[in-house]
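Each chain, written out:
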Amino acid sequence: MNTNNTNSPLKTHFFVPGCLGTCWYGNYHYLEPFTGCQHDCVYCYAKGRSDVTTRLADLHCPFTDPQIGMPRQEALAAMKKEIEADPKIHTIKLSRYTDIFCKKFVDDGYSLDVLTLLATHPQIKRIIITTKGVPNDAIMDLIRKYPAKFSYSAAIKPQAAICMETNVPPREERIRRAAQAQQAGALVTVHMDPLIAGVEDTEEVLRPFLASLKEAGLKRVMFSYLLYDYTIAKNIVEKFGQDFFSKLKENYLHDDRQLLPNQTETTYYALKHEVKLESIKRVAALLKEYGFDFVVCGLKSSDKDDIVSVKSFCPVCNGKFYA
């Protein structure tokens, strides 16, 4: 597949204003340097978003073969032009719908090119990366050169009997790179997201994982829980069968809720309050025992019905923990 896809319509905007209220100080932009993701996680919400599926249909590509949609130098020039046309573009979140460290673009240098543009541009103050991938040595060198600009959130979960991550790099390699980013001076957080209640939140599963993070010298952890919609439910059933999904669903509320105002595609089923509180209490106790600085995600894992209870035994993210 041709990465450049010059026959496809050009992408008109790479930067999109953020929509998560106070997250990352409430004044940030998403950057989508390409569409699609090689990681192919079963729980991936991006697979069902209409702007993603529409774009991929235009590009005639599957989600698992990410595409830029134009020649890469043209894309980089367009990003630079957008930055310089809008002084409000200064805090960058990578990304909603893909992973900047997809192997395809790490290997061919495009990920490095995008991050170099951001890191060296005087207008860009913060680059917030959330990733299940791994940077290469050249990208690590860039982080070492501009550590104050980078927030590195390594989305890594413990090993359990059920694994919903189809094509991610080995857990040990992701931990190693996260530790290197921390040593370089970047703000590094391990994001255990999305934890599957009853599968990945048990003491038996968590203890060896937290011990491995501690051994690597990592100090900060944020966690949140699996939310699902129709697309995610369908993918879970296809991968693990109806019996597994029926059992998983027993822990969830019968009514879905819209996570973000005016965005109907952020409508999900969440854990039952009692299931969530019991799990948060258990996870928080272990994180405290191992000496981590930690929070539970305030957007995905707490709501008005239980936020007061959660705060009594677990810090809740105020949107700035890994910014």
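Preceding block: the structure.
So, here's what we can say about the structure. Sequence order as written defines the numbering, with residues in each chain counted from 1. pLDDT decides what is reported in this predicted model: residues at 70 or higher carry local features, side-chain atom pairs at 80 or more are listed and counted, and totals for whole chains, interfaces and linings draw on all residues regardless. Working from all heavy atoms in the structure, the side-chain values ignore hydrogens and water.

**Quick notes on the nonpolar core**
Then comes step 1: Ranked by internal contacts, the top residues of the largest apolar core, which has 111 residues, are Met79, Leu115, Leu118 and Phe223.
Then comes step 2: Sequence-distant contacts of Leu115, that is, excluding residues within four places in its chain, are made with Leu94, Ile100, Phe101, Ile127, Ile129, Ile139, Leu142 and Phe150. We call a set of buried Ala, Val, Leu, Ile, Met, Phe, Trp, Tyr and Cys residues a nonpolar core when their side-chain atoms join them within 4.5 Å. Residue exposure (1.4 Å probe, protein chains only): buried if accessible area is under 20% of the type maximum, exposed if over 50%, otherwise partly exposed. Pairs of residues are marked as contacts when any of their non-hydrogen atoms sit within 4.5 Å.

**Concerning helix 5 (residues 137-145)**
Then comes step 1: Helix and strand assignments follow DSSP, with helices taken as H or I runs no shorter than four residues and strands as E runs no shorter than two, numbered in order from the N terminus. Ile139, Met140, Leu142 and Ile143 are the residues of helix 5 that are buried. Angular distribution of buried residues about the axis of helix 5 spans 155°; they occupy a single face of the element. Residues of helix 5 that are exposed and point more than 90 degrees away from the buried face comprise Asp137 and Lys145.
Then comes step 2: Looking at the buried positions of helix 5, the neighbouring elements they touch are helix 3 (103-107), helix 4 (110-120), strand 5 (150-155) and helix 6 (171-184).
Then comes step 3: N or O atoms within 3.5 Å of each other form a polar contact, as long as, within protein, one can give a hydrogen and the other can take it, and as long as residues adjacent in sequence are counted only when both atoms are side-chain atoms. Measuring from the side-chain oxygen of the N-cap residue of helix 5 to the backbone nitrogen of Ala138 gives 3.3 Å; that N-cap residue is Asn136. Think of it as the arc spanned by the lines of direction from the helix axis to the C-beta atoms.

**Quick notes on helix 2 (residues 72-85)**
Then comes step 1: For helix 2, spanning 14 residues, the distance from its first C-alpha to its last is 20 Å, which sits close to the expected 20 Å at 1.5 Å a residue.
Then comes step 2: Of all the residues in helix 2, the buried ones are Ala75, Leu76, Met79, Glu82 and Ile83. Each buried residue of helix 2 sits inside an arc of 125° when the element is viewed along its axis, so together they form one side. Among the exposed residues of helix 2, those pointing more than 90 degrees away from its buried face are Gln73, Lys81 and Ala85.
Then comes step 3: Along its buried surface, helix 2 packs onto strand 1 (15-17), strand 2 (29-31) and helix 4. Expected helix span is given by 1.5 Å per residue-to-residue step, counting one fewer step than there are residues.

**What about the packing of aromatic side chains?**
Then comes step 1: Aromatic rings from Phe, Tyr and Trp, with only the six-membered ring used for Trp, were paired whenever their centres fell within 6.5 Å, and each pair was classed as stacked if the ring planes differed by under 30 degrees, edge-to-face if by over 60, and tilted otherwise. This model, assessed by the stated rule, comprises 11 aromatic pairs.
Then comes step 2: Ring centres of Tyr28 and Tyr30 lie 5.4 Å apart, and the angle between their planes is 85°; this geometry places the pair in the edge-to-face category. Each member of the pair Tyr28 and Tyr30 is classed as buried.
Then comes step 3: Aromatic pair Tyr228 and Phe245: ring centres 5.3 Å apart, planes at 80°, arrangement edge-to-face. With Tyr228 in the loop between strand 7 (220-225) and helix 8 (230-240) and Phe245 in helix 9 (residues 242-249), this pair connects stretches of sequence that are 17 residues apart.
Then comes step 4: Taking relative accessible area as the criterion, Tyr228 reaches 5% and is therefore assigned buried.
Then comes step 5: Overall, Phe245 belongs to the buried group, its relative accessible area being 6%.
Then comes step 6: Pairwise contacts between aromatic rings join Tyr228, Phe245, Tyr252 and Tyr269 into one cluster.

**Here's the deal with the pattern of salt bridges**
Then comes step 1: We count a salt bridge whenever a side-chain nitrogen from Lys or Arg sits within 4 Å of a carboxyl oxygen from Asp or Glu. Applying the stated criterion across every chain yields a total of 19 salt bridges.
Then comes step 2: One salt bridge in this structure joins Arg176 and Glu173, with 2.8 Å as the shortest N-O distance. Of this pair, Arg176 and Glu173 are both found in helix 6, 3 residues apart, which corresponds to roughly one turn of the helix.
Then comes step 3: Salt-bridge contacts for Arg177 lead to Glu173; the nearest nitrogen and oxygen are separated by 3.7 Å. Of this pair, Arg177 and Glu173 both sit in helix 6, 4 residues apart, which is roughly one turn of that helix.

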